Amino acid sequence: MWSRTRIHETGILLSVGIRKTSIISQYITEVLLIAVIAFFLSYFPATVVADQVGSYLQNAPEQIEISEDTEGLVADNRNGTSDDVANTNITMPDLDIQVQSEEMVMLFILGIGIVVISAGISSISTMRLKPREILTKMS
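Residues numbered from 1 in each chain as written. Predicted model: local features only at pLDDT ≥ 70, side-chain atom pairs only at ≥ 80, totals over all residues. Heavy atoms only, no water.

Draft legend 1. Expanded view of the packing of aromatic side chains. Under the counting rule described, the total for this entry stands at four aromatic pairs. Between tyrosine 43 and phenylalanine 44, the aromatic rings sit 5.4 Å apart at their centres with planes inclined by 75 degrees, giving edge-to-face as the arrangement. By relative accessible area, which is 58% here, phenylalanine 44 ends up exposed. (Phe/Tyr/Trp six-rings, centres within 6.5 Å; stacked < 30°, edge-to-face > 60°. Buried < 20%, exposed > 50% of the residue type's maximum accessible area, 1.4 Å probe, protein only.)

So, in structure tokens, the structure goes:
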């Protein structure tokens, strides 16, 4: 949708003699600048949200009733009707949820790839046309 709003600009740039690869690289650069800024601004809220989710999971109360069947295997018995049910409170170990730098780098690379591919794909339909076709279509 973004490239369709800039179709007139693309037609003018093509009619002036600017190459299609230069126009596409300009569009990709513009989108990448916004994506990089958004990525770095999202790092701090991501660490706060991860910490909040971790503390919520840590404090979530859960009791699981466990019973041993005849083969010695542990089975989950949630209805509590069996006589040999041992009520056991299972405590969660301390959770330490952090956003690792390796994961952030991988996410950054994936996001940059998606941005480049989507900007390239959205420009294909416009780049197939000749400048005269683009400008007559707009007027």
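Draft legend 2. Spatial organisation of the side chain of threonine 10. Residue placement: threonine 10 occurs in helix α2 (residues 7–16). Apart from residues lying up to four places away in sequence, threonine 10 is in contact with Ile23, Tyr27, Thr126, Met127 and Ile134. (Helix = DSSP H or I, 4+ residues; strand = E, 2+ residues; numbered from the N terminus. Contact = heavy atoms within 4.5 Å.)

Draft legend 3. Highlighting a nonpolar patch on the surface. A surface patch of nonpolar side chains, about 400 Å² in accessible area, is lined by Val49, Val53, Tyr56 and Leu57. Turning to its location among the elements, valine 49 is positioned in helix α3 (residues 20–59). (Patch = residues over 30% accessible without salt bridge, like charges linked within 9 Å, V, L, I, M, F, W, Y side chains within 5 Å. Areas by Shrake-Rupley, 256 points an atom, 1.4 Å probe, with all protein chains shown as cover. Salt bridge = Lys/Arg side-chain N within 4 Å of Asp/Glu carboxyl O.)

Draft legend 4. Up close: α2. Of the positions making up α2, those classed as buried are Ile7, Thr10, Gly11, Leu13 and Leu14. Seen along its axis, α2 keeps its buried residues to an arc of 165 degrees; they face one direction. Among the residues trailing α2, glycine 17 stands out with phi positive, at a value near 115 degrees. (Arc of directions from axis to C-beta.)

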